[in-house]
Amino acid sequence: MRLGSIFLFVALCSFTAYYIYEPIPEEIEERWKLMLTNSFFRSLSHLADLSELLGLKDYMGVMYFITLAEKVVPVSDEHVKVTEEKFDGVEVVLYQPKQRGGTELRRAIIYLHGGGWCLGSSRMSPYDLLARKMVTELDSVVLSVEYRLAPAHHFPVPYEDVYRVVKHFLQKGVLAQYSVDPGRIAVSGDSAGGNLAAAVSQQLQKEPGQQVKLKAQALIYPVLQALDLNTPSYQQNQDMPILPRTLMVRFWSEYFTSDKALFRAMMANTHNNPESSSLLKFVNWSTFLPETYHKKYNYSAPAVVQGVGGEAVGMDGPSRSFADPRASPLLVPDTALHSLPKAYILTCEYDVLRDDGIMYVTRLRAAGVEVTHEHYDTGFHGGLMFTVWPTDFLIARRMTDNYVKWLKENL
Ligand SMILES: *[C@@H]1O[C@H](CO)[C@@H](O)[C@H](O)[C@H]1NC(C)=O
Ligand SMILES: *[C@@H]1O[C@H](CO)[C@@H](O)[C@H](O)[C@H]1NC(C)=O
C-alpha cells in the first residue's frame, strides 16, 4: 500500500504540475512541500468531481482513496500491544503498553480521527503512529474509535458510535480490565474528531448517572459549528491547502444529507432557518473572537431564510440537524459549558476552522473552564497528521510534541 501510494502521489503530481502554483502564504514553512502535497489533494478532488459528474462514483467515494492509501494493519510491537475489538458493537483499535510496571493504574485516551465525518480511519498510519507515541510516552491506554462514516451513515450515526464506545469504556469493570485509572481519562480528536470529542464531553456531563467522568478534552483544530460558514477564518482561508472552504462545506452537508440543496445553501451561507437563527448568538464572532482575529472583516450575521420558500424548502429534518449541539457543540448556553472537563485547544492561522476553535476557547473560559489554547501562527489544517514520509512536516512534529506534553502534564 505504501509503495502504491507513493507511486500515485508522484504520478498525480506530475500530471498536475499546473496545480502546484497555488499561492501559499510566505509564513508557512516548507512551502514547496505543502504545495506538492496540496496538488495531490486538489487533483484527487477534481477527479472526484469528474467521477461524480460522470455518475461513476460519488465524490466522497473517490476522496476515500486518501484513507485507503494510508491504511495499515495495526500490529503489536516491542512496546505496544494492539488489539482490534468491538465495544458495544462499534469497532475500536486498542493500544496498551506491554511493560507492566506493577499494579499502578494508567491513563487512557479515547481518540477520534479526523476526516470530515466522511473520510479517515483509526487504521491510517499517522493515527497509528500517534497512538503508539501516546502509549509509550504517557504510559497510557489508547482507544482509537472506528466510528461509521457519512455519507453511508449520516448524523447522528458517527456521533452515536463514539458515544456508545465512550459509555461502554467508562464502566468501572471495563476500566479495571485494562488497568485504567477512572480519574485519568481524556477524550481527544482532530478536526471532525475534535467535533465528536467536544460533543461527547458535553453529553456526558449532562448525565447525572455518569459515575466515571472525563478528566480532560483535547481538541485539535476542531470543527465546532455549522451556523456561520463565513467567519473571518473561513473567508481568509477559503483557498488554503488541505481544507479549502468548499471541502469543509461539503463535509458539513454530507454529514447530514446527500441532498445537494444543503451544500448549495451552506456555500452561500444562507442555510439558517428561523429555528437555528435563535442560536446565532452563540457563534457571533464579533463577540467571541479577540480583536486581532477580526482582521479586515466586518461582522454581518448570516442570512436567515424565513418560512417556506427558496432553496431551504427541500430541507427535510436531517438537513436541519446542523443546529443540533451534538453536531455543533458551540451552540449551547454557558450553563451547559461550565462543568466541562479542562480543555486543550489547538488552532492554526491558515485554517478555515481557526475561529471555531478560538470562539470555543473564549466561551469555555467565560464559563469558567480551564483552557490551554495553543495557536500556531504558521500552522495549516491537518498539520499534525503529516508525520509520515514523503508528506512529513516539521510543524507536525512540534504540534505532536506539544500536544503530548500537555497530556502528560494534565492527565
Ligand atoms: C453580534 O454581536 C454584535 C456586537 O457584539 C451585535 O451588534 C450583533 O447584533 C450580534 N448579532 C447576533 C446575530 O448575535
Ligand atoms: C469594514 O468597515 C469599515 C468601517 O465601516 C470599512 O472602512 C471597511 O471597508 C469595511 N471592510 C470590509 C472588508 O468591508
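Since we're looking at a predicted model, the values are computed, not measured.

(A) Up close: the overall build of the protein chain. Across its full length, the protein chain holds 16 helices and 10 strands. A globule of 411 residues ought to have a C-alpha radius of gyration of about 22 Å, and the protein chain, at 20 Å, matches this closely. With the principal axes as the frame, the protein chain shows a C-alpha extent of 65 × 50 × 40 Å. Nonlocal contacts in the protein chain, meaning residues at least 24 apart in sequence, comprise 76% of its contacts between residues at least 6 apart. Per element, the accessible surface of the protein chain, about 16300 Å² overall, is 56% carbon and sulfur. Of the charged side chains in the protein chain, 40 are positive and 45 negative, and the gap between their average positions amounts to 4 Å.

(B) Structural view of the UniProt feature "active site" (unreviewed entry) in the protein chain. With numbering aligned to this structure, UniProt lists the feature "active site" (unreviewed entry) at Ser-191, Asp-351 and His-381. Spatial clustering of the annotated residues is evident: they stretch over 191 residues in sequence, but the largest pairwise C-alpha distance comes to 10.6 Å. With respect to the element layout, Ser-191 can be found in the loop between β5 (180-190) and α8 (192-206). Overall, the relative accessible area of 7% leaves Ser-191 in the buried class. Contacts of Ser-191, omitting those with residues within four sequence positions, involve Gly-114, Ile-220, Tyr-221, Pro-222, Val-223, Leu-353 and His-381. You can call His-381 buried: its relative accessible area is 5%. When sequence neighbours within four positions are dropped, the list of residues in contact with His-381 reads Ser-191, Tyr-221, Ile-242, Leu-243, Tyr-350, Asp-351 and Leu-353. Separated by 2.9 Å, the side chains of His-381 and Asp-351 make a polar contact.

(C) Spotlight on the site of ligand 1. Around ligand 1, the neighbouring residues are Lys-281, Asn-284, Ser-286, Thr-287 and Tyr-299. A distance of 3.4 Å is found between an oxygen atom of ligand 1 and a side-chain nitrogen or oxygen belonging to Ser-286. Here an oxygen atom of ligand 1 sits 3.4 Å away from a polar atom, N or O, in the side chain of Thr-287. Here ligand 1 has 370 Å² of accessible area as a free molecule, and 45% of this is covered by the chains. Tallied by class, residues from the shell around ligand 1 come to 1 nonpolar, 3 polar and 1 charged.

(D) Quick look at the packing of aromatic side chains. For the coordinates displayed, the defined rule picks out 20 aromatic pairs. Taken together, a centroid distance of 6.0 Å and an interplanar angle of 45° make the contact between Tyr-111 and Tyr-127 tilted. Of this pair, Tyr-111 sits in strand β3 (residues 106-112) while Tyr-127 is found in helix α5 (residues 125-138), placing the two residues 16 residues apart along the sequence. Taking the relative accessible area as the measure of exposure, Tyr-111 reaches 3% and is therefore buried. Judged by its relative accessible area of 7%, Tyr-127 is buried. Look at Trp-117 and Trp-252: their rings are 4.6 Å apart centre to centre, the planes differ by 40°, and that puts the pair in the tilted class.

(E) Molecular detail of a nonpolar patch on the surface. Among the surface-exposed residues, Leu-50, Leu-53, Leu-54 and Leu-56 lie close enough to one another that they form a single nonpolar patch of about 480 Å² accessible area. Position of Leu-50 relative to the elements: it lies in helix α2 (residues 31-53).

(F) Representation of the environment of Leu-243 within the structure. One can find Leu-243 in the loop between α9 (232-236) and α10 (245-256). Look at Leu-243 and you get buried, because its relative accessible area is 5%. Considered as a pair, Leu-243 and Asp-351 are 108 residues apart in the sequence and their alpha carbons are 7.3 Å apart. Discounting chain neighbours no more than four positions away, the residues touching Leu-243 are Met-248, Phe-251, Asp-351, Val-352, Leu-353 and His-381.

Thresholds, definitions, all that
Residues numbered from 1 in each chain as written. Chains lettered and ligands numbered in written order. Predicted model: local features only at pLDDT ≥ 70, side-chain atom pairs only at ≥ 80, totals over all residues. Heavy atoms only, no water. Helix = DSSP H or I, 4+ residues; strand = E, 2+ residues; numbered from the N terminus. Rg over C-alpha atoms; globule rule 2.2 N^0.38 Å. Contact = heavy atoms within 4.5 Å. Areas by Shrake-Rupley, 256 points an atom, 1.4 Å probe, with all protein chains shown as cover. Lys, Arg positive; Asp, Glu negative; His and termini not counted. Charge placed at Lys NZ, Arg CZ, Asp CG, Glu CD. UniProt positions renumbered as here; feature names shortened; annotations may be inferred. Buried < 20%, exposed > 50% of the residue type's maximum accessible area, 1.4 Å probe, protein only. Polar contact = N/O pair within 3.5 Å; in protein donor to acceptor, adjacent residues only side chain to side chain. Near = heavy atom within 4 Å. Nonpolar A, V, L, I, M, F, W, Y, C, P; charged D, E, K, R; others polar. Phe/Tyr/Trp six-rings, centres within 6.5 Å; stacked < 30°, edge-to-face > 60°. Patch = residues over 30% accessible without salt bridge, like charges linked within 9 Å, V, L, I, M, F, W, Y side chains within 5 Å. Salt bridge = Lys/Arg side-chain N within 4 Å of Asp/Glu carboxyl O.

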